[in-house]
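Results of the structural survey
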Amino acid sequence: MSNWIERDQQSIMSTYGRLPIVIERGEGNYLFDESGKKYLDLFTGLAVNILGHSHPAIIKALTEQGTSFLHISNVFYNKPAITLAERLINHSIKGKVFFTNSGAEATEAALKLVHKWSKEQREDRSGVVVLKKSFHGRTLGALKLTRQPGVYQDFPVTDIPVFEVEPHDTQALEDVFRTHKPAAIIVEPVLGSGGIVPLEESYLQEIEKLCRSYGVLCCMDEIQTGVGRTGEFFAYQHAGIEPDVILFAKGVGGGLPLGGIIVAERFSHLFKPGDHGTTFAPSPLSAALGNAVIDVLINEGQLVKGAEMAAQLFSKIDSLKQKYPERIVGVRGKGMMLGIVMNAEASVVKSIQQQLLDKGIMVDVTQQTIIRLLPPLTMKSKEVDFLIDTLEEQIHIMQKVGE
Ligand SMILES: *Cc1c(COP(=O)(O)O)cnc(C)c1O
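For the structure given in this document, a descriptive report is provided here. (Residues numbered from 1 in each chain as written. Predicted model: local features only at pLDDT ≥ 70, side-chain atom pairs only at ≥ 80, totals over all residues. Heavy atoms only, no water.)

All right, on to the overall build of the protein chain then. Summing up its helical and strand segments, the protein chain has 13 helices and 17 strands in all. Relative to the 2.2 N^0.38 estimate, which gives 22 Å for 403 residues, the radius of gyration of the protein chain is 21 Å and therefore close to what a compact globule would have. Expressed along its principal axes, the backbone C-alpha trace of the protein chain runs to roughly 65 × 55 × 45 Å. Accessible surface, the protein chain: about 18400 Å² in total, of which carbon and sulfur atoms supply 54%. (Helix = DSSP H or I, 4+ residues; strand = E, 2+ residues; numbered from the N terminus. Rg over C-alpha atoms; globule rule 2.2 N^0.38 Å. Areas by Shrake-Rupley, 256 points an atom, 1.4 Å probe, with all protein chains shown as cover.)

The following block contains the structure:
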């Protein structure tokens, strides 16, 4: 065992099951461990490194902003952040941005905004609707919106009412809207840690319509799906809807911590000086990297190229599913956010993950039997083939063992 693994266990609280490798460096779509072994990174630090590692545009922004200044606080005007806010608005809805350092903090900001809005309403309106198996973060407020039993147990939660509905059950949603008069709904357009469940576009349109007729704030948690991950800048855009609040984080800071909310014009007056704040966000360095990410996605066409490669990846995994329907029972997701639903015990899927790692491919496993792929938008055709071939090899081994 690497000395670093022992030192980790001695010094860092154990809140994650780690893969047994110590990373030394990253380059392009690859990570290298202590021994120099190379891994194709289809995990991208949990949907963060949308352009892979050490992308030249990111290095340039790091160097330029990094040698200029790192932190100034919100007492001064912050050029990289202003530019990034303008660009986020240009790629989403007309409104204003509040920046945070993380996804959970974006959820907290959204909750505070929703609360201020429901106070402003004359009618008695409070609470938030969320979907079953949703994930919106782990801080005490966000925790109540995160509907995964292994995550929220044992902790006290806010007294903001939360109503859970089954995804795609429009009738249940309308019933909740009518009987409970909630202030807002927050949904992930593709449920991430809930098992890569893309919401039907018609369902998202239905949510928007119901929000309009019942006067409910429509909030999209784009923390994992945003910034090109699903093939549009934000995933809700596939459905052609217009949310009131968009939560973002993960990919937006180009590898550095950055998150926030975009709030539609008619609600952006709700935060007044003193209502909310943070020392660090928006970090000028994170914002500079965010601008570099958008340059590459839009000006260099990486968003479109990534979507094309994602289509290739999906169709090849789908062919694998046709070939081994008894092993792969589902392929779902959008863009570079895919779930391969395996028909196998959790321990078998865990061992496939380990085998792939031995062969030099990093993937994630979620909900125990779903192989989660979060590849960089820079993934190449030969890397798609490498994954497919290696996965097929593993399925053959499974077949043999099963016989
Ligand atoms: C990761 C994630 C969060 C939480 O973000 P953190 O930065 O880990 O706090 C919230 N919502 C969704 C959809 C996520 O994927």
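Surrounding the ligand, one finds Ser102, Gly103, Ala104, Phe135, His136, Gly137, Glu188, Asp221, Ile223, Gln224 and Lys250. One nitrogen or oxygen atom from the main chain of Ala104 is found 2.7 Å from an oxygen atom belonging to the ligand. Asp221 is positioned such that a nitrogen or oxygen atom in its side chain is 2.8 Å from a nitrogen atom of the ligand. For the ligand, whose accessible area on its own is 380 Å², the fraction buried by protein is 80%. (Near = heavy atom within 4 Å. Polar contact = N/O pair within 3.5 Å; in protein donor to acceptor, adjacent residues only side chain to side chain.)

Further remarks concern the sheet that holds strand S12 (residues 259-264). In sheet architecture, strand pairing relies on hydrogen bonds along the backbone and comes in two forms, parallel and antiparallel. Spatial ordering of the open sheet is given by S4-S12-S11-S10-S7-S5-S6, a layout of seven strands whose pairing is mixed. Here the strands that pair on one side only, and so sit at the sheet edges, are strand S4 (95-100) and strand S6 (162-165). Across this sheet, the average inter-strand angle for adjacent strands is 20°, counted without regard to direction. As judged from the six bridges shared by S4 and S12, these two strands associate in the antiparallel manner. Its bridge partner being in S12, Gly95 is matched across the sheet by Ala264. Across the sheet, helix H8 (residues 170-180) lies against strand S5 (128-131), S6 and strand S7 (184-187), angled at about 160° from S6, the strand it touches most. (Pairing = 2+ DSSP bridges. Axes fitted to C-alpha atoms, helices over the stretch in contact; angles between N-to-C directions. Contact = heavy atoms within 4.5 Å.)

What you see with strand S11 (residues 245-248) is no split at all: Val245 and Leu247 on one side and Ile246 and Phe248 on the other are buried throughout. In the sheet, strand S10 (residues 217-221) pairs with S11 via three bridges, with the strands oriented parallel. In the strand pairing of S11, Asp221 is matched with Leu247. Pairing analysis gives four bridges linking S11 to S12, with the strands arranged antiparallel. Looking at the pairing, Phe248 lines up with Gly260 of S12. (Buried < 20%, exposed > 50% of the residue type's maximum accessible area, 1.4 Å probe, protein only.)

For the coordinates displayed, the defined rule picks out 17 salt bridges. The salt bridge involving Glu27 is made with Arg25; its shortest N-O contact spans 2.8 Å. Using a relative accessible area of 44% as the deciding quantity, one classes Glu27 as partly exposed. Residues Asp275 and Lys116 are paired through a salt bridge, measuring 2.7 Å at the closest nitrogen-oxygen approach. Remark: Lys116 occurs in helix H5 (residues 103-120) and Asp275 occurs in the loop between S12 and helix H10 (284-299); sequence separation between them is 159 residues. (Salt bridge = Lys/Arg side-chain N within 4 Å of Asp/Glu carboxyl O.)

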